[in-house]
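# Geometric and topological summary
Here's the letter readout for the chains.
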Amino acid sequence: QTGGTTRRCGAFESNGDNKRDLLETCWLDTRAFASLSDLLPELESRKFTVTASSADAAVFAIAGPVENDVFSSPPNIEWDIDITDASNEFGMKTCLLINDFIAQAYACRSPIIEKARLILSGDPDHSAPIAVIGAGTGLGQATLIPLEKGGYTALASEGGHAGFGFESDSEFSYMQFLRKITGEPYVTAETVVSGAGLTHLHRFLTGKRLEPAEVAAVLGTDSKTLRWMARFYGRLSRNLALQVLALGGVYISGGVAAKVPELVTHKEFSRSFRQSTKMHQILTRIPVYLNTNEESGLWGAAFKALQLGS
């Protein structure tokens, strides 16, 4: 699983009945490599359990749009990924590229999701879609859809690069601030709700420019930065839930909420998520969960790899 800054690798073994066991994981700094060709040998040098050529199936979950299951030009890393000739180049038997939040969506039907924390209760419809959203270096979104004959399919989204909806004069002032410092023609959701978004918002509200981790360290219950960001996260989660009618629930993933869970447990998040003149009753039925397992994408990728081998 390749994010904007971290590459997480996992080796799984199928134990039958569509189940899998995690054998080993390894985290690498994506920025330390210039290509996938540079990165894979590093795993072998660390004596990783499974090599590219020995795996029955390999699935790469990429933080960016994927073309034809083999190519991606991720927006937050400096190199493209192309596995068109992976069998010759890396000795892979079967391989596939998927969006990283497709992996997060499939992870919602893996064993690790049982440990997800319930943030807002509801009355989930298990035959309805599930929405997955998460902020880290960027902002990911996806939808998991149950199939009539059993199983699931996941739909990717690049909604993080869509425009963010500001709603008040003070928020409009923040929008102008963001347009000025980023040069974006319109302010994207990713700019607002991401690690960098914490830096931008804290700078706007306090005049202090801190790195995301530094902002997280100074957030208190009464922090204006926390209140605003919780409101923004709730709004984006609500909008996604309504767009895909996620009556099966909303799962929040990604590094920011895992490190600062107060962003989604704060009352501003719940108020914003449930706020709707016409859809309030629908929204009260939708449960919201926080998935803090930062390796959940590996389980989702393994879910897809198992499908490839079946």
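Okay, so let's go over this structure.

## A word on the sheet that holds strand E9 (residues 130-135)
Taken together, the six strands give an open sheet; going across it, the order is E8-E13-E12-E9-E10-E11, and neighbouring strands pair in mixed fashion. The sheet is open, and its two edges are formed by strand E8 (117-120) and strand E11 (152-157), each paired on a single side. If you compare each strand with its neighbour and ignore which way they point, the axes differ by 25° on average. Packed on one face of the sheet, helix H3 (residues 100-107) meets E9, strand E10 (139-146), E11 and strand E12 (250-253) and runs near 45° to E10. Against the sheet, helix H11 (residues 267-274) makes contact with E8, E12 and strand E13 (288-290), and its axis sits at roughly 60° relative to E8, the strand it touches most.

## What about a negative patch on the surface?
Taken together, the side chains of Asp 80, Asp 82, Asp 85 and Glu 89 define an acidic patch exposed on the protein surface. Here Asp 80 shows up in the loop between strand E5 (71-72) and strand E6 (81-82). Relative accessible area serves as the criterion here: at 44%, Asp 80 is assigned to the partly exposed category.

## What about the pairing of E10?
The buried fraction of E10 is high, at six of eight residues. As paired elements, E9 and E10 share six bridges and run antiparallel to each other. Note that in E10 the partner of Ile 130 across the bridge is Leu 144. Linking two consecutive strands that pair antiparallel, namely E9 and E10, is a turn of three residues. Two elements, E10 and E11, share six bridges in a ladder whose sense is antiparallel. The partner of Ala 142 across the bridge, within E11, is Ala 156.

## A word on the side chain of Gln 104
With respect to the helices and strands, Gln 104 occurs in helix H3. You can call Gln 104 buried: its relative accessible area is 7%. A polar side-chain atom of Gln 104 sits 3.1 Å from a polar atom in the side chain of Ser 253. Separated by 2.7 Å, the side chains of Gln 104 and Ser 296 make a polar contact.

## Comments concerning the sheet that holds strand E4 (residues 66-67)
The strand order E4-E5-E6 describes an open sheet built from three strands, whose pairing is antiparallel. At either margin of the open sheet sits one strand with a lone partner, and together these are E4 and E6. By the bridge criterion, two bridges tie E5 to E6 in an arrangement that is antiparallel. In the sheet register, Ser 72 faces E6, and the bridge partner there is Ile 81.

## Regarding the packing of aromatic side chains
As enumerated under the stated definition, the model contains 16 aromatic pairs in all. Of the aromatic side chains, those joined through ring pairs into one cluster are Phe 164, Phe 166, Tyr 174, Phe 177, Phe 204, Trp 228 and Phe 232. Sitting over the ring of Trp 27, Arg 8 keeps its end group 4.4 Å from the ring centre.

## Description of the state of the cysteines
All told, the structure shown has zero disulfides when counted by the stated rule. No disulfide involves Cys 9; its sulfur sits 5.7 Å from the nearest other cysteine sulfur, which is in Cys 26.

## Considerations on the nonpolar core
Formed by 43 residues in total, the largest nonpolar core has its most connected members in Val 193, Tyr 233, Val 250, Ile 252, Phe 269 and Phe 273. Per-element tally for this core: the top contributor is helix H8 (residues 224-244), with nine residues. Sequence-distant contacts of Phe 269, defined by excluding residues within four places in its chain, comprise Leu 120, Ala 230, Tyr 233, Gly 234, Ser 237, Ile 252, Leu 263, Val 264 and Val 288.

## Some details on the side chain of Thr 188
When you line up the elements, Thr 188 lands in the loop between helix H4 (169-182) and helix H5 (189-192). On the accessibility criterion, Thr 188 (9% relative accessible area) is buried. Of the polar contacts made by the side chain of Thr 188, one reaches the side chain of Thr 191; its length is 3.0 Å. Every residue in contact with Thr 188, bar those within four places of it in the chain, is listed here: Gly 160, His 161, Ala 162, Gly 163 and Phe 164.

## Quick notes on the pairing of strand E7 (residues 95-99)
For a regular strand, side chains alternate in direction, first toward one face of the sheet and then toward the other. Extensive coverage of E7 is indicated by the burial of four of its five residues. As judged from the five bridges shared by strand E3 (residues 58-62) and E7, these two strands associate in the parallel manner. Looking at the pairing, Phe 60 lines up with Leu 97 of E7.

## Considerations on the pattern of salt bridges
Tallied over the full model, the rule gives ten salt bridges. One salt-bridge network, held together by shared partners, links Glu 167, Glu 171, Arg 231, Arg 235, Arg 238, Glu 268 and Arg 271.

Thresholds applied
Residues numbered from 1 in each chain as written. Predicted model: local features only at pLDDT ≥ 70, side-chain atom pairs only at ≥ 80, totals over all residues. Heavy atoms only, no water. Pairing = 2+ DSSP bridges. Helix = DSSP H or I, 4+ residues; strand = E, 2+ residues; numbered from the N terminus. Axes fitted to C-alpha atoms, helices over the stretch in contact; angles between N-to-C directions. Contact = heavy atoms within 4.5 Å. Patch = residues over 30% accessible without salt bridge, like charges linked within 9 Å, V, L, I, M, F, W, Y side chains within 5 Å. Areas by Shrake-Rupley, 256 points an atom, 1.4 Å probe, with all protein chains shown as cover. Salt bridge = Lys/Arg side-chain N within 4 Å of Asp/Glu carboxyl O. Lys, Arg positive; Asp, Glu negative; His and termini not counted. Charge placed at Lys NZ, Arg CZ, Asp CG, Glu CD. Buried < 20%, exposed > 50% of the residue type's maximum accessible area, 1.4 Å probe, protein only. Polar contact = N/O pair within 3.5 Å; in protein donor to acceptor, adjacent residues only side chain to side chain. Phe/Tyr/Trp six-rings, centres within 6.5 Å; stacked < 30°, edge-to-face > 60°. Lys NZ or Arg CZ within 6 Å of the ring centre and 35° of its normal. Disulfide = S-S within 2.5 Å. Core = buried A, V, L, I, M, F, W, Y, C linked by side-chain atoms within 4.5 Å.

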